[in-house]
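Residues per chain are reported as follows:
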Amino acid sequence: MLIWTITLVAVCICIALILNLWRLIQGPSVSDRILALDTMYINTIALILLYGMYTGSALYFEAALLIAMLGFVSTAALSKYLLRGDIIE
Amino acid sequence: MQHLSILPILIPLIFGAALLLPPLSKHIQRQRIAAVIGLFLLLVSACFLLFQVQTQGVHLYALGEWQPPFGIVLVADPVSVLLVALTSFLAFSVMLYAMNGQDKNGAYFHPLFMFQVMGINGAFLTGDIFNLFVFFEVLLIASYALLIHGGGKQRTQATVHYVILNLVGSSLFLFGLGIIYGTLGTLNMADLAVKVGQLQAENATLAKTGALLLLVVFGLKAAMLPLHFWLPKTYSSASAPVAALFAIMTKVGIYSIFRVYTVIFGEHAGELANIATPWLWPLSLLTIAIGAIGILASPNLKILTANLVIVSSGSLLACAAISSEVATSAALYYLVHSTLVSAGLFLLADIMARQRGKAEDRFVRSRPFVQPKTLGILFAVGALSIIGMPPFSGFIGKVMILQATQSFAASLWLWPLILLGSLAALITLSRAGTTLFWRHNGNLSTESEAAKPLELTAVVLLLLASPILVIFAGDVTAYTQNAAHYLHDFQLSAYNLLPGVTP
Amino acid sequence: MNALIWLPFLPLLGTLVPLLFARFSRTVCAFMTAALPAITLLLILFNAGAVFNGERFFSSIPWVPAIGLELAFRLDGLSLLFSILILGIGLLVILYARYYLSAQDSIGKFYAYLILFMFAMLGVVLSDNLIQLWFFWELTSISSFLLISFWGHKVEARKGARMALTVTGAGGLALLAGLLLLGHTVGSYSLQTVLDSGDLIKASASYPIITVLVLLGAFTKSAQFPFHFWLPNAMAAPTPVSAYLHSATMVKAGIFLMARFYPALANTDLWFLLVTLTGLATFLTGAYVALFQHDLKGLLANSTISHLGLITLLLGMGTDLAAVAAIFHVINHAIFKASLFMAAGIIDHESGSRDMRHLNGLWKYMPFTATLAMVAASSMAGVPLLNGFLSKEMFFTETLHQASLGSLSWMIPVLATLGGVFSVAYSMRFIHDVFFNGEPVNLPKTPHEPPRYMRVPVEVLVALCLIVGIFPSLIVGDLLYSAAAAVLNGAVPDYSLAIWHGFTYPLLMSAIAMLGGLIIYTNRHHFFKFQAQFPMSDPKLTFESVIQSITLKAQKFISLTENGSLQRYVFLTLLLAISMNAIPLLQLNATAGLRPEIPLDALSVTSVALLCIAGVATVIWHRRRLISLLMLSVVGLIVSLAFAKFSAPDLALTQLSVEVVTVILLILALFFLPQKTPKESSPRRVVRDLGLAAFVGGTVGTICYALMTRPLDTISTFFLENSKTGGGGTNVVNVILVDFRGFDTLGEITVLGIAALGIYKLIARMRLYMPSSDGKGRAWSEDKYPLLLAVISQSLLPLALLVSAYIFLRGHNMPGGGFIAGLITSVAIIQQYIAHGVEWIKHRLKLDYQIMIGSGISIATLSGLGSWVFGHPFLTSWFDYFYLPVIGKFELASAMIFDLGVFLTVVGATMLILANLGQLTTSERATQKEHD
Amino acid sequence: MPLYLEIIVCVLLLIGGIFLLVGSYGLARLPDIYMRLHSPTKASTLGITGVLIASMILHSYLQEFISIKELLITLFLLITAPVAANMIAKTAIHHEIKAKEKTRGKELINSMRNRDAPPE
Amino acid sequence: MEGMYAFSVGLLTACGVFLTLRGRSFSVVVGLTLLSYAVNLFLFASGRLKLNAAAVLGESEHYGDPLPQALVLTAIVIGFAMTAFAVILAMRARADLGNDHVDGQIPQPKKPLFQKTGGAK
Amino acid sequence: MRFFPMPFHSIMLFVVWLLLNNSLSAGQMVLAAFFAITIPWLVKDMRDEHPKIRRPWLAIRYVLMVMKDIVVANVEVALLIIGPIKKLQPGFVAVPINMSSELGITVLASTVSLTPGTVSAEVSKDKNWLYIHALHLGDEGALIKEIKSRYEAPIKEIFGC
Ligand code: NA
Ligand code: NA
């Protein structure tokens, strides 16, 4: 059951990722694209956690943690770029 | 002296790092003194190493005490040690030149110089192909940074091309390494050599694709046609000490070609024996040809020297393509000669350019030199040497290369090119010399300042090597013959480096 | 005679003498300079007797056995003859030059060059080793270049010297090839061995090539047609140089070469054809052209060419007697031509002109010199009782005694006579046009006799002309005989050096020549007029323009290939790489191997789809840079996912953290670079590039697939087995990084450190234009540091540092390590920069990033050096488990110190890059016009 | 693994999966950037929390030791998601991206852009 | 799976190569970054793909080849350093040369290299 | 407070370290304590002055309340997203706030973003207005009132500002 659920959820997330990519490509504004990328980060975290659960391994936790941390920085930097151009001023 | 063979890497590394730290980091004088001391120590250790290898034979240094083929080993053999000694001498001389003021034209000259030397020495000494990649990157990144030393539009422009081409090269290197590891499952060069012979047909084909990729990478460093385009602009726009140090850079590529395609994919490699030759041979000949044309087309001394470097690269590559002991020995001799002389010429071009005002080193009428005699003698030595005229080292190198061709057909291709290349150099350098030294307008300018004694010392050191290489040519060629023998003897260069592995 | 080996080196030593004595008077300098050559000459003469008796001296010491080069000298008849000429005439020239050179000329330098040349010439003629011979041969080219260009400030001197060097240098290169082939054919570079292997050589397949190459060397040096043009232009040299180089030495080197290799190469049809015809052509051309020269030295130069042709012709004929005649003429020509040059020099020196249209009637002004010159010129013309007559007679004789041209053989004596006619004509012109023929016209100086001793060398030589002419056997008999013996490598035919042989054809030919010469000279105006119809082509201009056009063509070619377009260079690089790489793939039978593949799953398919779409989107939108960058981030993210999926957590972590820093850097670049890429690639280029890209991608993919589907044994089992026991960690990847292959990592952090230093250098003098608005022209927001971001970032910093510490400490046993930890720390600090700006941080965070890099690399290195203390190689790791109350068991490892070094370097490098880049932009936002 | 635990994990996972999907669905479906902003900040946050808790339970069970480090990710996301949303909203406002036609208070965008008080 | 993986590597390589061949520094840097992704995946694949086989002792039943992973790690770091340098260099080139073309000047619309001979006087 | 320049953070770091390592062993405790002391000490300069938490219990209660709201709000939002879009009535609202503390405003804005169908879009320069976007704006006044009473008031109390 667990494996089955994991697979199902994985499919959900796959669809989610594809929807994200669609938005990323579609735009129309850059803000939309950044938002899509940010969402993609979150979905990826879920994906990694799922994979960890699937394999029963805790080795992938740090990757998820890192995406959470770094995804934010990346979104912040991109947004700041749109606002100010110069991100480190 | 158990650790002697790693000193040529560690000394510049430690000095390079120390130069970034107080109390050295903020004072140019201290940096200079430290750099010279460091390079002198390096030179001494390199000489000791040379001596040790000659008396006691090849020295294996297993880093972290992990034995080959598992860990990384340094292999101090007659070939690598020769090049390390050459690099150390070159670096020492160039530093003597640089410390007269050109090191001040930008930040971090001394540490970068050290790291550059470390990278070069590492590339020569390492016995591990991935480690070779790492040292390639060390020397490349240092060269990027040194190339922009002094600033200026031209330099930036040249650096852009140089960097991007080399980044592409690095990618290819990794593709190649991936294939090599993916087929042979090991990284130690001796181990690779042993395993290449045992490859099954299909895997051998795959390994071949990797091996040939590496050839492109090394060819790019060695300025093999059509990968040579970066060289003239890069060398001619670099500041003089950097250009002089770069004289050894193409040799790293050449050296790697010799090592990889003699030891790993050499005679004994079964299906993969001498795979480089079908490509190397025509390309090396074309390299000589384009270098010779470039020589004729050179508008100034620096570009001319750069094109001379291309010709020497082509000649060396031709030796690699011939792939015999005699050819390798010739290449080693010629390599030492051409490195030192072209470095000397780069420095000399700089001195001359500084004394000629706006004309710089272009072959046009200009004001006279402040030190015509000294410069004239040095120029004559450098020029004759690089053309390959007696009584300087170029002629022995040239004769050795000509003698190395094995078949009549090979001679028919190589000889005319080498000789015509010399002729092109002769024509251009004689024009250059007469113009630079005798076509004057105006009088001595008060702006031009004489070259400083240390600068001249550096040039003299580099160019003096040429007559010395002739006087002691007997010993030197005996050494290169021995080194070439080592490289071509599979037992010596592969099995002996793998404890517990025998044919 | 073991001293032989040092014999040529006496003059070499002598090159220093004039430099040392240059500060003394000119006379002292001249005498001191002459000393060593004089001693050398004496030493040689001392041994002459033995040589005349048929002895040959050999002496050698090893030098470069690898190339068959030894320091080997020989003294035989031929060497002896040439040595005497070189040294004897050399001494006279030294004396002559003492008076010739003006006070402004550096006599020390001149003598040094002269002696260097003398040394080189001696080396050539005394060599007993092919390569050594070439060594000295080229040395003569170089030293003659120095001599010809002695007055380098004069354009003719520079051009003339360059031309001489180019032509003789080119010949020298051909000679080298020839000699090497010769040595290769014989199996030895010893000259004697080669001379003894004539039959072998002539039988070998490479004989024609060898002969052509060696003759090219000889012909260029001896100014044979069609390479003769350099010689007249070399007349820009000071006259002592001409007297020396172009009478007795340099140009004779070519003759010497032919004589030297006579036993090895001569007496074949090929030799005959090449040498005879070349000689004949040269003989005639030189003689004809000489007549029309107005320059005194030009006349002599062309006459030299002609006489060299004559000698060559003789050497080509293949009869022994002809060879003897050739040698004899070498001697005679050297004597009379040297004296003529010197006389011409005196005339030039004392009258200020060499133009025969100005020089007239000098007999009145310098009768003594005129007499000497007239005697010498008569010898040149072949007037009886003078030495020139003798060898010319022999020459005519030999032209009659050959039949190698078959039914056309009669042409040779006829043409020889014709040449003789012109010789007489130009000799006559030399005499009449200069010393008689009315009054001088517009001479810069009033001519007068030269200083007493300046005339001595001429007197000596002219005396020799007479003495040899009258008592040939007495004076040069032995010399000639032994030289001939050396040339012929054994038996010398009978010949007679008598003045009178009776009324013979040769005498008739001489008479015709005399008469014809007289007629031509008296009717010279017709000839001049005839000649004037032809546009005079100055070989100097032709040569220069040929070189110029070669240079231009080369430049055009180079600018076509090296057109400065990186796109082309990259294209070629990749094209070459992938062609080389792909060709072996044709031999691969099946792409897929036997290794079972992993089954597909939805997740992977989705990921691959995302990756591919994002990758293609990056390309499609590459001109909209920000979007391209976003797509690139997606690619990076999926790549990390792939690493995670295929069991490489460390890689995933690293890729993720690197990715963010890269994106931040690229955002910075976006700000300073144009926001959009203009469309400038032509459709053709796009298609071409797409083709290459597809080719590269396809090949890489194929190889990748082929690799992955084939089983592989690797050395990695060792790492898995020894990671815990030998390296003290369970994360094998990390243990490889810090232990098994720690050296790679040391290099890698050095790369990072260097990159930071380099970037600092790049930034240091950067003048960037900061755009005042974004790509669509919208002004930037005024909200520099958004409130929420600022506040939250502060809270995140300690958390991020803690995570960083966590990742650092676990690295050895679990995924993580110094590098990732360093990047996390860096990103956390960058986040502060983004949120608060540089100014805010500057006062709060006082880290010297440069020191961090330095100490990071130092710590990593020192951790490796620590093992030296215990006698282990660099980077030998150490670890142990300890137990402390309360805390429990824990591990300490040297690898952790190493990793600390990594951490510091990473933080230092990343921050040095970003913080400095940030600092750069704190200055005023200038509104700058876009440059593109 | 006891059934009740498995059921809990599965339910949590399903909740997580559905919310994540809905979040991304909203992102794709909603008509303007301002509305789209809601889905990742909310639905996805909750979704990821579900997955995290499921993972936490599962790993605690597998390692026979309570493993709650996934909470850290939750904490992180809860802290950062609003800021990320805020930053993106700021960019949209700065670029004066039009809100959907019937959005109320559209005129506020200008005040927001200048960070002024709303017009009276 | 291997086929898909190889396809991705090939596609990324192609994308990277195409962008590297563009004329503007930013595109080139992006291209090189893509290329380095491809390179890293390729190098990684040289140790063969394995699921559930992280090379952490005790965490898996069987282990993937750790050596290529270590190599890729080194390659990533070096690639990062190089990319960083290239990015800043691109900025410097823009600053010094006034444009962002890799050749330092905007190429002019070029005339045909070899003018056809004949006809024209 | 020289050893604990940021006591709240120290506690958090201590807990997080143990969380990360999934361990309560003495060794990890020591390390946790070490980092709980050193990290705040390292970063103490990297902070602006912020008000301290005056009412920790209230804070905890507030957090729990928000968590509940998150769940509820998110379900609502999820339903809105999958429901008919045409029925949605989005809108911008300016919420007057009277807090001077940046930290307080940040917490409020974050809470607003996380909870009732609203996203904090902007804070006015004078920090008197919080602009929000609501996915489905029913009664504007009620929303403002709810935010002010349910979230702003407790935050002010917690930080005493
Ligand atoms: Na006259
Ligand atoms: Na909300």
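This structure is a prediction, so every number in the text was calculated from the model and none was measured. (Residues numbered from 1 in each chain as written. Chains lettered and ligands numbered in written order. Predicted model: local features only at pLDDT ≥ 70, side-chain atom pairs only at ≥ 80, totals over all residues. Heavy atoms only, no water.)

### Some details on the packing of aromatic side chains
Evaluation of the coordinates by the stated rule reveals 69 aromatic pairs over all chains. Relative to Tyr5(E), the ring of Phe646(C) lies with its centre 5.6 Å away and its plane at 80 degrees, an arrangement referred to as edge-to-face. You can see Phe646(C) sitting in the loop between α28 (625-645) and α29 (649-672) and its partner Tyr5(E) sitting in helix α1 (residues 2-20), one on each of two chains. The exposure class of Phe646(C) is buried, given its relative accessible area of 7%. The buried category is assigned to Tyr5(E), whose relative accessible area is 6%. Between Tyr806(C) and Trp17(F), the aromatic rings sit 6.1 Å apart at their centres with planes inclined by 90 degrees, giving edge-to-face as the arrangement. One end of the pair, Tyr806(C), is in helix α34 (residues 787-810); the other, Trp17(F), is in helix α1 (residues 7-21), on a second chain. For the pair Tyr806(C) and Trp17(F), one class covers both residues: buried. (Phe/Tyr/Trp six-rings, centres within 6.5 Å; stacked < 30°, edge-to-face > 60°. Helix = DSSP H or I, 4+ residues; strand = E, 2+ residues; numbered from the N terminus. Buried < 20%, exposed > 50% of the residue type's maximum accessible area, 1.4 Å probe, protein only.)

### Comments concerning the sheet that holds strand β3 (residues 129-134) of chain F
Residues and elements named next belong to chain F. Overall, antiparallel pairing links the 3 strands, which are arranged β1-β3-β2 in an open sheet. Each edge of the open sheet is held by one strand with a lone partner, namely β1 (91-96) and β2 (118-123). The sheet shows a mean angle of 30 degrees between the axes of neighbouring strands, taken without regard to direction. Pairing of β2 with β3 involves 5 bridges; the strand directions are antiparallel. In the strand pairing of β3, Val123 is matched with Leu130. Strand contacts of helix α5 (residues 140-159): β1, β2 and β3, with the helix running at about 45 degrees to β1, the strand carrying the most contacts. (Pairing = 2+ DSSP bridges. Axes fitted to C-alpha atoms, helices over the stretch in contact; angles between N-to-C directions. Contact = heavy atoms within 4.5 Å.)

### Side note on the domain arrangement of chain C
In terms of domains, chain C is made up of domain 1 (5-261 + 269-542), domain 2 (602-677) and domain 3 (730-925). Each of domain 1 of chain C and domain 3 of chain C has a C-alpha centre, and these two points are 78 Å apart. (Domains from an automatic or database assignment.)

### Some words on the UniProt feature "domain: MrpA C-terminal/MbhE" (unreviewed entry) in chain C
When the UniProt feature table is mapped onto this chain numbering, "domain: MrpA C-terminal/MbhE" (unreviewed entry) sits at residues 685-768 of chain C. Secondary structure content for residues 685-768 of chain C is 81% helix and 0% strand, and the end C-alpha separation is 31 Å. (UniProt positions renumbered as here; feature names shortened; annotations may be inferred.)

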